[in-house]
Amino acid sequence: MTLDKKHSINNILEENRLFPPSKEFSDKSNIKSFEELQSLKKQSLENPTKFWESFANSEIDWFEPFQTVLDRENAPFFKWFKEGKLNITYNCLDRHIKNGIGNKTALVWEGEPGDNKKYTYQELLKEVCKASNALKSLGIKKGDLVCIYMPMIPEAMVAMLACARIGAPHSVVFGGFSSESLKDRLIDGNARFVITADGGFRKDKVIELKKAVDAAIESGANKIVEKVIVVQRTKKDISMVNNRDFWWHELLKDQKDWCEPEIMNSEDRLFVLYTSGSTGKPKGVVHTTAGYNLWSHLTFKWIFDIKDDDVYWCTADVGWITGHSYIVYGPLSNGATTLMFEGVPRASNLGAFWEIIQKYKVTIFYTAPTAIRSFMKSGREIPDQYDLRSLRLLGTVGEPINPEAWMWYREVIGDNKCPIVDTWWQTETGGVMISPLPGAVATKPGSATFSLPGIEVEVVDKNGEKVVENEGGYLVVKKPWPGMMRTIHENSQRYLESYWEYISFKGEKNVYFAGDGARIDNDGYIWIMGRVDDVISVSGHRLGTMEIESALVSHKSVAEAAVVGRKDDLKGEAIVAFVSLEKDINSFPEIVEELKKHVVNEIGIIAKPEKIIISDSLPKTRSGKIMRRILRSLAEGEKISGDISTLEDSSVLEKLKEIS
Ligand code: PRX
């Protein structure tokens, strides 16, 4: 892990344009000025205990109060709000009904074929209660991990909330992952129950989810999975196994529409969500109840400056952390109206997003830079056909946004009036960590600006020394925060090594290393420079290069594989794989297609390599380590720079130059 040329400061554009929010916007905001924000930050740094205690009390409803704000005894296995008892679904549903907004729309849902539904808070609570009772009727109880493998339909949200209501942690697996990936996650999490659907619609095709569940069970998860609940979405034929598979609608039909929320301890697990790291196996990030509830709630409130009449839309999938925190828990905990869309813009409907904004008068729109870049590519003529005047605030998440895309977003979608919140965070952080507050911060295109109140970040070198202004370094978080991950499922050692022990600090302990590089400019603005480990971001999807390499070498013809990311104008990064084949395999063109397909089967479509380069051997050091730096330069089409004297056989490099 190094801060190599890819991340060097010279590659980052000098950007000095400044966009303060309009006075009109600031005047109506919850946090109206930079001074107000600074004062909140000051309070959070001077007396963190008081700061978190007061927000935990004012924003969260407790069944029993907490006594200890933060328990550091077993740091970095921190415990927040220890003695407290609560249920996140009470905060997301029941309390709004008690507070008189039961008839407000909680969820607006639009399916890809154009079907749609709305749920008020009252209706959503009833549905969640029915589903909770249905889960209980199958024997699911507090503490059982339930895997959710669903398309973007309301039942996905209902299933998550039903699990949380009965205290069964969920493990949502993105519907785009293959049966192999699903199997690994089922086994790692020991998930005895799966909630899925017959399928879902995506880009005018049917995604056969139940078939993938069957395949995952048949290929190894059979000893674990006991029961599968299936939502009927596409109505296509699927096979149902007696006493193992149950239709959701049949199970829910006769259930009571009230289910008492389970009394949860603050530190009881709320969910496990798998994400990629720099080793071959995805890690199950564990989040617990109270801290996550508070952080997703508070960040949503601050960053989206939410108002009673807002219609808020986040285009992520509930299979990712963005969907967890900012489609489900954050918006519902705040009593907001959250919109969910099953589809994505597709060749047959490039204006799909804008049509939805127009139809539902969306006021806050939160999407990924990759999506914005693809809209730019298809031209402003498309959004210009729609009425987007309802929009008042825009957001981005998941990858660095280039200033050009930022400006296009501001001008074309935001009509030069909507502030843009570029939000930096991770699966591990539970909620946003660095972002402008829209009424308080003047934004610079491409910068996530400043850390939020309560969050202290720094940019340091490998020894933990703070780097000087404008110098690139490692992004670290210096104080614990409530929404932080608690551990990696069944692998606390990996939790320690990946996040807390990588950078050796002098004197200071328990500093969280995020895996990203960053720099801070003269005005204190933070510029995220991308991952500094072997993790790449393809269309905002986080993938470990070793994960893809493991998939490649699991093919019988592959002897060795090395995967690197190459800069891509649209996707941020594209996957390039260097592969050497087993001796008796000839390098014929079909093998490249076969290997691409193999990776899709092993991981999912998001991991499909853009390019596979077949080579007799890979460049290695004398001690046998693959020199990825060289492969990265080859993939980028750059001149090989730096020391190559450790290369074992320089003729490999010459050959690779010819074929890359
Ligand atoms: O590299 C950072 C990038 O996405 C990583 C986290 O990925 P994941 O856990 O899948 O969560 C994505 C959604 C929160 C980070 O380590 N990243 C996320 N947001 C930004 C970003 N990079 C630059 N700017 C951002 N706003």
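Residues numbered from 1 in each chain as written. Predicted model: local features only at pLDDT ≥ 70, side-chain atom pairs only at ≥ 80, totals over all residues. Heavy atoms only, no water.

- Under the annotation held in an unreviewed UniProt entry, the protein chain carries the name Acetyl-coenzyme A synthetase and is attributed to Prochlorococcus marinus subsp. pastoris.
- On record in UniProt, under Sequence similarities (unreviewed entry), the comment for the protein chain is "Belongs to the ATP-dependent AMP-binding enzyme family."
- Taken verbatim from the UniProt record of the protein chain, the Catalytic activity (unreviewed entry) comment is "acetate + ATP + CoA = acetyl-CoA + AMP + diphosphate". (UniProt positions renumbered as here; feature names shortened; annotations may be inferred.)

## Describing the pattern of salt bridges
- Per the stated rule, a full pass over the model turns up 41 salt bridges.
- Linking D214 and K210 is a salt bridge whose minimum nitrogen-to-oxygen distance equals 2.8 Å. Residue D214 and its partner K210 are located together in helix 8 (residues 209-218), separated by 4 residues, close to a single helical turn.
- Of the residues examined, D214 reaches a relative accessible area of 10% and is grouped as buried.
- Here K210 falls in the buried class, since its relative accessible area comes to 0%.
- Across the salt bridge formed by E458 and K478, the nearest N and O atoms sit 3.4 Å from each other. Of this pair, E458 sits in strand 21 (residues 457-460) while K478 sits in the loop between strand 22 (473-477) and strand 23 (487-488), and the two are 20 residues apart along the sequence. In terms of burial, E458 and K478 fall into one category: buried.
- One network of salt bridges, in which partners are shared, links K141, D144, R192 and E226. (Salt bridge = Lys/Arg side-chain N within 4 Å of Asp/Glu carboxyl O. Helix = DSSP H or I, 4+ residues; strand = E, 2+ residues; numbered from the N terminus. Buried < 20%, exposed > 50% of the residue type's maximum accessible area, 1.4 Å probe, protein only.)

## Some details on the sheet that holds strand 25 (residues 526-531)
- The 4 strands are arranged 21-22-24-25 in an open sheet whose pairing can be described as antiparallel. The strands lining the two open edges of the sheet, one partner per strand, are strand 21 and strand 25. Geometrically, the sheet is characterised by an average inter-axis angle of 45° between neighbouring strands, direction not taken into account.
- Of the strand pairs in this sheet, strand 24 (residues 512-520) and strand 25 are connected by 5 bridges, and their pairing is antiparallel. Looking at the pairing, I520 lines up with I526 of strand 25. (Pairing = 2+ DSSP bridges. Axes fitted to C-alpha atoms, helices over the stretch in contact; angles between N-to-C directions.)

## Describing helix 13 (residues 369-378)
- Buried within helix 13 we find P369, T370, A371, I372, R373 and F375.
- In the core, the buried residues of helix 13 are packed alongside helix 12 (352-360), strand 18 (364-367), strand 19 (393-397), helix 15 (403-413) and strand 29 (572-581).
- Following helix 13 by one or two positions, G379 has its phi on the positive side, about 95°. (Contact = heavy atoms within 4.5 Å.)

## Observations concerning the site of the ligand
- The full set close to the ligand counts 16 residues, and D422, T423, T427, D516 and R542 are the nearest of them.
- In the environment of the ligand, an oxygen atom lies 3.0 Å from a nitrogen or oxygen atom belonging to the side chain of Q426.
- Look at the ligand: alone it shows 540 Å² of surface, and the protein chains cover 93% of it.
- Those elements that provide at least two residues to the shell around the ligand are helix 11 (321-333), strand 20 (420-423) and strand 25.
- Of the residues in the shell around the ligand, the class split is 6 nonpolar, 5 polar and 5 charged. (Near = heavy atom within 4 Å. Polar contact = N/O pair within 3.5 Å; in protein donor to acceptor, adjacent residues only side chain to side chain. Areas by Shrake-Rupley, 256 points an atom, 1.4 Å probe, with all protein chains shown as cover. Nonpolar A, V, L, I, M, F, W, Y, C, P; charged D, E, K, R; others polar.)

## Thoughts on the UniProt feature "domain: AMP-dependent synthetase/ligase" (unreviewed entry) in the protein chain
- UniProt tags residues 102-486 as "domain: AMP-dependent synthetase/ligase" (unreviewed entry).
- Secondary structure content for residues 102-486 is 31% helix and 22% strand, and the end C-alpha separation is 33 Å.

## A short note on the packing of aromatic side chains
- On inspection of all chains with the given rule, the structure shows 45 aromatic pairs.
- Note on F271 and Y292: the rings are 4.9 Å apart at their centroids and 90° apart in plane angle, and the pair reads as edge-to-face. Note that F271 is positioned in strand 14 (residues 269-275) and Y292 in helix 10 (residues 289-303), a separation of 21 residues in sequence. As far as the burial class goes, F271 and Y292 line up, both buried.
- Judged by centre distance (6.1 Å) and plane angle (65°), the rings of F304 and Y326 are edge-to-face. Linking F304 in the loop between helix 10 and strand 16 (311-314) with Y326 in helix 11, this pair joins segments that are 22 residues apart in sequence. You'll find F304 and Y326 in the same group, each marked buried.
- Connected via pairs of aromatic rings, a cluster forms that spans F51, W52, F55, W62, F66, W80, F81, W295 and W302. (Phe/Tyr/Trp six-rings, centres within 6.5 Å; stacked < 30°, edge-to-face > 60°.)

## Here we look at the pairing of strand 6 (residues 146-149)
- Here strand 6 shows no split at all, with V146 and I148 on one side and C147 and Y149 on the other all buried.
- Bridging between strand 6 and strand 7 (residues 170-172) involves 3 bridges; their strand directions are parallel. What sits directly across from C147, in strand 7, is S171.
- Handedness of the crossover joining strand 6 and strand 7 through helix 6 (residues 154-166) is recorded here as right-handed.
- Bridging between strand 6 and strand 8 (residues 193-197) involves 4 bridges; their strand directions are parallel. By the bridge assignment, Y149 is partnered in strand 8 with T196. (Right-handed = clockwise from strand over helix to strand, strands pointing away.)

## Re the sheet that holds strand 20
- Reading across the sheet, the 7 strands line up as 5-4-17-16-18-19-20 and stay open at both edges, with mixed pairing between neighbours. A strand with exactly one partner marks an edge of an open sheet, and here the two such strands are strand 5 (116-120) and strand 20. This sheet shows a mean twist of 15° between the axes of neighbouring strands, independent of strand direction.
- Where strand 4 (residues 105-110) meets strand 5, 5 bridges bridge the pair, whose relative direction is antiparallel.

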